[in-house]
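# Remarks on the overall topology
Here is what each chain is made of, one letter per residue.
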Amino acid sequence: MTMKLKSKYEKAIYAAGLLLLLLYCSAEAVAQTDELVINVKGKGADVSSSMYGIFFEEINHAGDGGLYGELIKNRSFEELEMPPGYTAKGDRLIPVQVENHVTGKIVDHYSQWTTEPVPGWSLNVDSSVADMKLTKENPRYATAPNNLKISIADASKPVSLINGGYWGMGIRKDEKYNLRVIIKASSKHKVEVTAKLLSQDGTELAKAPLTGLKANNKWNEYNVTLLAKAHDPKAKLALEFKGEGTVYLDYVSLFPEKTFHNRENGFRNDVANMLAGLKPGFVRWPGGCVVEGATTHNRFEWKKTLGDPAARSGEYSLWGYRNTYGFGYYEFLQFCEDTGAGGMFVTSVGIGCQFRMGDACSEEKIEYYLDDCLDAIEYALGDKNTEWGAKRAAAGHPKPFPLKYVEIGNENWGDEYDKRFDMFYAAIKKKYPQLILISNHGTGGTGKIAKTDMIDPHWYVSPDFFFENAKLFDNYSRGNHTVYVGEYASNNGVGTGNMNAALSEAAFLTGMERNSDLVKMASYAPLIENSNKRDWSVNLIWLNSDQVMGRSSYYVQKMFAENKPSYNLKTNVTEGARSSQDFEAGSVGLGTYSTQAEYKDIRIIQGNKLISLDVSEFKGKKGNWNTENGVLIQTSSETNTQGIFNGFKGKKDYTLEFKARKTGGNEGFLVYFAISDEGKGFAMNVGGWNNTSTAIQKASGEWLSDVISQKNHSIETNKWYDMKLIVKSDEVILYMDGKEVIASRNTSAPKQFYAAGYDEATGEVIVKVVNSSNLPYGLNIKLDGATGIKNTGKIISMKANNEKEENSFENPTKIFPKEEVYNFPGNEFLYSFAPYSFTIVRIKADK
Ligand code: AHR
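Values in this document were obtained by computation on a predicted structure and should not be read as measured data. (Residues numbered from 1 in each chain as written. Predicted model: local features only at pLDDT ≥ 70, side-chain atom pairs only at ≥ 80, totals over all residues. Heavy atoms only, no water.)

## Things to note about the overall build of the chain
Put simply, the rule reads: By the criteria applied, helices consist of DSSP H or I runs no shorter than four residues and strands consist of E runs no shorter than two, each listed in order from the N terminus. What the globule rule says is 2.2 Å times the number of residues to the power 0.38, and the radius of gyration is computed from C-alpha atoms. A simple rule labels every residue: compare its accessible area, found with a 1.4 Å probe on the protein chains alone, to the largest value its type can have, and call it buried under 20%, exposed over 50%, or partly exposed in between. Contact between two residues is taken to exist if any of their heavy atoms lie within 4.5 Å; hydrogens are not considered. Residue burial considers only the protein chains on display, and all accessible areas are found by Shrake-Rupley using a 1.4 Å probe. Charge convention: Lys and Arg are scored as positive, Asp and Glu as negative, and His as well as the terminal groups of each chain are ignored. To locate a charge, the coordinates of NZ of Lys, CZ of Arg, CG of Asp or CD of Glu are taken.
A tally of regular secondary structure across the chain gives 11 helices and 53 strands. Against the 2.2 N^0.38 benchmark of 29 Å for 847 residues, the chain shows a C-alpha radius of gyration of 30 Å, consistent with a compact globule. Dimensions of the chain, computed from C-alpha atoms along their principal axes, come out at roughly 95 × 80 × 55 Å. Here the chain, with 847 residues, has 60% of them falling under the buried criterion. Taking as baseline every contact in the chain between residues at least 6 positions apart, the subset at least 24 positions apart corresponds to 74%. As presented, the chain carries roughly 33,000 Å² of accessible surface, and 48% of it is formed by carbon and sulfur atoms. Of the side chains in the chain, 98 bear a positive and 103 a negative charge, and the two mean positions are spaced by 3 Å.

## Notes on the site of the ligand
Keep this limit in mind: Whether a residue is near a molecule or strand is decided by its heavy atoms; if any one of them lies within 4 Å of it, the residue is near. For the purposes of these results, a polar contact is taken to be a pair of N or O atoms within 3.5 Å, where, inside protein, one atom must be able to donate a hydrogen and its partner to accept one; residues adjacent in sequence count only when each atom of the pair is a side-chain atom. Asp, Glu, Lys and Arg are counted as charged, while Ala, Val, Leu, Ile, Met, Phe, Trp, Tyr, Cys and Pro are counted as nonpolar; the rest, among them Gly, fall into the polar class.
Taken together, the neighbourhood of the ligand is formed by Phe55, Glu57, Gly288, Cys289, Trp319, Asn410, Glu411, Tyr460, Glu487, Ala525, Pro526 and Trp536. Here Glu411 contributes a side-chain N or O atom positioned 2.6 Å from an oxygen atom of the ligand. The separation between an oxygen atom of the ligand and a polar side-chain atom of Glu487 is 2.6 Å. Compared with its free state, where it exposes 280 Å², the ligand has 95% of that area covered by protein. Among the residues making up the shell around the ligand, the classes are represented as seven nonpolar, two polar and three charged.

## Re the nonpolar core
One broad rule of soluble globular proteins: the nonpolar side chains tend to lie buried together. The line we're drawing: We call a set of buried Ala, Val, Leu, Ile, Met, Phe, Trp, Tyr and Cys residues a nonpolar core when their side-chain atoms join them within 4.5 Å. Residue ranges assigned to the domains are those given by an automatic or database domain assignment.
Membership of the largest hydrophobic core comes to 125 residues, with the highest contact counts inside it found for Trp302, Tyr329, Leu403, Ile408, Ile428 and Met512. Among the elements that take part in this core, helix α5 (residues 366-381) stands out by supplying 10 residues, more than any other. The residues that make up this core include at least three from each of domain 1 (8-42 + 751-844) and domain 2 (57-70 + 261-571). When residues no more than four places from it in sequence are discounted, the contact partners of Met512 are Met51, Phe473, Val485, Tyr488, Val519 and Ala522. Of all hydrophobic cores here, the second largest spans 42 residues; its members include Phe77, Val118, Ile183 and Phe241.

## Points about the pattern of salt bridges
Let me state the cut-off plainly: Basic side-chain nitrogens of Lys or Arg form a salt bridge, by our definition, when they fall within 4 Å of a carboxyl oxygen of Asp or Glu.
Evaluated as defined, the whole model comprises 49 salt bridges. A single network of salt bridges, built from pairs that share partners, joins Arg284, Glu407, Asp456 and Glu487.

## Digging into α5
Worth spelling out the cut-off: Under the convention used throughout, the expected extent of a helix is 1.5 Å for every residue step, that is, one less than its residue count.
An ideal rise of 1.5 Å per residue puts 22 Å on 16 residues; α5 measures up with 23 Å between its terminal C-alpha atoms. Counting buried residues along α5, 13 of its 16 residues qualify, which places the element largely inside the surrounding structure.

## A look at unusual backbone geometry
Residue Pro286 follows Trp285 across a cis peptide bond; omega there is 0°. Mapped onto the fold, Pro286 is located in the loop between β17 (282-285) and β18 (315-317). Following Ala525, the chain continues into Pro526 via a peptide bond in cis, with omega recorded as -15°. Unusually for a residue other than glycine, Asp737 sits at a positive phi of about 50°. Mapped onto the fold, Asp737 is located in the loop between β45 (731-736) and β46 (739-745). Residue Asp737 is classed as partly exposed on the basis of its relative accessible area, which comes to 36%.

## Notes on the environment of Asn410
Among the secondary structure elements, Asn410 is positioned in the loop between β21 (403-408) and α7 (415-431). In this structure Asn410 comes out as buried when scored by relative accessible area, which is 0%. Asn410 sits 146 residues away from Glu264 along the chain, and the two C-alpha atoms are 30 Å apart. When neighbours within four sequence positions are excluded, Asn410 is seen to be in contact with Arg284, Gly287, Gly288, Cys289, Val291, Glu292, Val346, Asn440, His458 and Glu487. Looking at Asn410, its side chain comes within polar contact range of the side chain of Arg284, at 2.8 Å.

## As for the packing of aromatic side chains
Which entries qualify depends on this criterion: Any Phe, Tyr or Trp ring, taking Trp's six-membered ring, that has another such ring centre within 6.5 Å forms a pair; planes under 30 degrees apart are called stacked, those over 60 apart edge-to-face, and the others tilted. The criterion for a charge sitting over a ring is simple: Lys NZ or Arg CZ within 6 Å of the ring centre, and within 35 degrees of the ring normal.
Counted by the stated rule, this structure contains 60 aromatic pairs. The interplanar angle of 40° and the centroid separation of 5.5 Å between the aromatic rings of Tyr329 and Tyr379 together place this pair among those described as tilted. Taken together, the residues Tyr329 in helix α4 (residues 329-339) and Tyr379 in helix α5 connect sequence positions 50 residues apart. Grouping residues by exposure puts Tyr329 and Tyr379 together as buried. A cation over an aromatic ring shows up here: Lys622 above the ring of Trp703, its NZ or CZ 6.0 Å from the ring centre.

## A word on the side chain of Asn544
Residue placement: Asn544 occurs in the loop between β29 (541-543) and β30 (548-550). A distance of 2.9 Å separates a polar atom in the side chain of Asn544 from the backbone nitrogen of Asp546. A distance of 2.7 Å separates the side chain of Asn544 from the backbone nitrogen of Gln547, its partner in a polar contact. Once you skip the residues sitting within four places of it in the chain, Asn544 turns out to touch Arg268, Asn530, Asn532 and Phe809.

## Focus: the pairing of strand β26 (residues 487-490)
Threshold: In short, DSSP must find at least two bridges between two strands for them to pair.
Alternating residues of β26 divide into Glu487 and Ala489 and Tyr488 and Ser490, and every residue in both groups is buried. Here four bridges tie strand β24 (residues 458-461) to β26, and the two strands are oriented parallel to one another. What sits directly across from His458, in β26, is Glu487.

## Some thoughts on the confidence of the model for the chain
Formally: Within a predicted model, pLDDT stands for the predictor's per-residue confidence, ranging from 0 to 100.
The share of residues in the chain with pLDDT of 70 or more is 96%, and the mean pLDDT across the chain is 93. Considering only residues more than four positions removed or in separate chains, one finds that residues 1-28, a stretch of pLDDT under 50, has 33 contacts.

## Overview of the sheet that holds β30
Here is the rule we go by: To obtain each axis, a line is fitted to C-alpha atoms, and for helices this fit is confined to the stretch in contact; angles are then taken between N-to-C directions over 0 to 180 degrees.
Spatial strand order, β28-β29-β30: three strands in an open sheet with mixed pairing. Both outer strands of the open sheet, β28 (528-530) and β30, are each paired with one neighbouring strand and no more. Along the sheet, successive strands turn relative to each other by an average axial angle of 20°, direction set aside. With three bridges joining them, β29 and β30 adopt antiparallel strand pairing. In the sheet register, Trp542 faces β30, and the bridge partner there is Met549.

## Observations concerning the side chain of Asp456
With respect to the secondary-structure elements, Asp456 resides in the loop between β23 (454-455) and β24. A relative accessible area of 2% places Asp456 in the buried class. Within polar-contact distance, the side chain of Asp456 engages the side chain of His458 at 2.9 Å. Those residues in contact with Asp456 that sit more than four places away from it in its chain are Arg284, Glu407, Ile438, Ser439, Asn440, His441, Tyr484, Val485, Gly486 and Glu487.

Structure below.
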């Protein structure tokens, strides 16, 4: 480590700092001491104002029973409506049996279904006194036809219809709640109805009669306000009926009077404020897989989300429950405006989720999806004389909304997608050249499309992937398009979301921010879970009926957003060397990804022993495997096909040789090695990412995850390659036709990460440092070329006692950023970063 200290004062301060650090280190071991030199005059790329945004999807009850203010579950009685052609078997919903458009096969898929007869609702009496049943008789709205028929036979005691909300209603003392009821009472019977809020134990919290109820056999609407006397996190609504007779309910809705920005049909204040706290540069909506649907039959339909919430049909969400469509397109655009975010609308291209059924609409119908997308844009941006702009104006917003981005499809891929993308791109650009258009392609290439503005890679991985790949964008090619990392999270092996996950995301974010000429936007996913319905294992914000809290990952996002520099500064780091570890003993296997291939002459050389791997020992786990004249043939187009050689187990240090030929499909070969009995190990992904690169990845069963090393490389179809994979103790090398393709050591992930930039608004250098090690980390930070340094600055730091620590509803701020005033000695200082910490240093300096 070399340092040039100018003045005596600096030297003295530095010596004192070093002494303090050494004293600290003598009590506690230090990981290492490195140096970070920041060139304060070295202006790098601007960091885009929309760099950090949010991704909203109706998953985990993020909207209904989450952000959206509605307190009644199944308010419109539509929950048991199925998408066309779907069937229920017990608690499973089986989709309409449509073929996957790539494989031509019908995928064996199902999702969750409820067995409740009237979800969300119950009567306090038995069926001899009163009975309820769903009907579609004379619906109030044809678009939401279901209603609840209640027949009261015995009026000697009050009959109550109860709704417990989404796992209880969080009712607050002295708050007002607005109830809207659409009801029809038979003219033959006089019926009195009183609305009550009850606590969990049945105590009355509020009461209001539905005065003037007309028994005229017609749909009538009543609005009353309930003022709560006390707080209860698990309250319920009761509609109490007196008098015999028949009543029909079409809609029962209860909202807190106070919503975010006091919007009607608005959002829970506490939840929306958590989102606003992230200072989102953009909001992506409506997802996610819901855009596509399990099949195109239950894709998200934005037009059905407009207008009176009572008339909105809703749709069964592939995440296992019905989306009421209450949080609709208008509400999304309004939220963007309220938070100062740019809107990002994601449109369906007429392809069902390719991880589920993967159907594709016919050629003729593509136009319909394209028009639907153009209408959505017109609704947001068109002036009030346009067809859809007029509808927006009629809904109360004559001015356009801040829609800035359109993503064409979600997680779609392949030739069919590429074709559709080109159609959408050309048509949208022609009409709205100002919009930024995003494709679903990842970092591996853009397939066959003509042009995109941005790509959208997604990463749901284990922490090691982010630690290993924090420099992924440093050498990524520039010029063709920019990058929006639309979904990412460390969600594998991190409990329900621990500090290790948060630190790995922070590490990856330093890489995104440092490469801000390329990476223009990023959004963590999924955003919200109602902790009573966790559809996805790890989510950023947790809530229940009464509380909302951020995981440590939330605070990482917040810290990045609040400390976003105007531009990057050039840095130079001197770090210690990284250690490597041995590959575990295991077996070998072969596979393909969306590709057909043949393998032959498979043998292992171990020391001076040559072992032929007979194809009969190959156990195909996924794919369509056959053998013919000693050639192993895989004919399916599925992703991640796999088979393992049973006869070769628990081995280390070997060379695997074979011949391989691709006979069709999009990608190339998968070569598995060091595979444990549980199926965990590594894979060489040859010609992956649409045949644009070859990588060494971690493998777990058929799934490939963390990229350990990656190179641009592709393979040819119908050509036999001589393959040689050398697996040494801690190193792996792949040769094809005698040429080295890729080599990598099994190195342990780096532990420290950095980014530095300058904030023009405050005149501060902002340094971000992640220390994921269990030891304090000494870093000498040098501000090269800095003048006018103010000694008093800020350090904002979030740390944990161990990597497994998590926030919880009981202790929601256990891991929480703390800010302190810090006296900087000058343009060079040594700082000890705590174990398991993410720290931001802000120092005033002239640029
Ligand atoms: O964020 C959860 C899901 O992950 C999204 O719906 C989808 O786009 C991705 O597969």
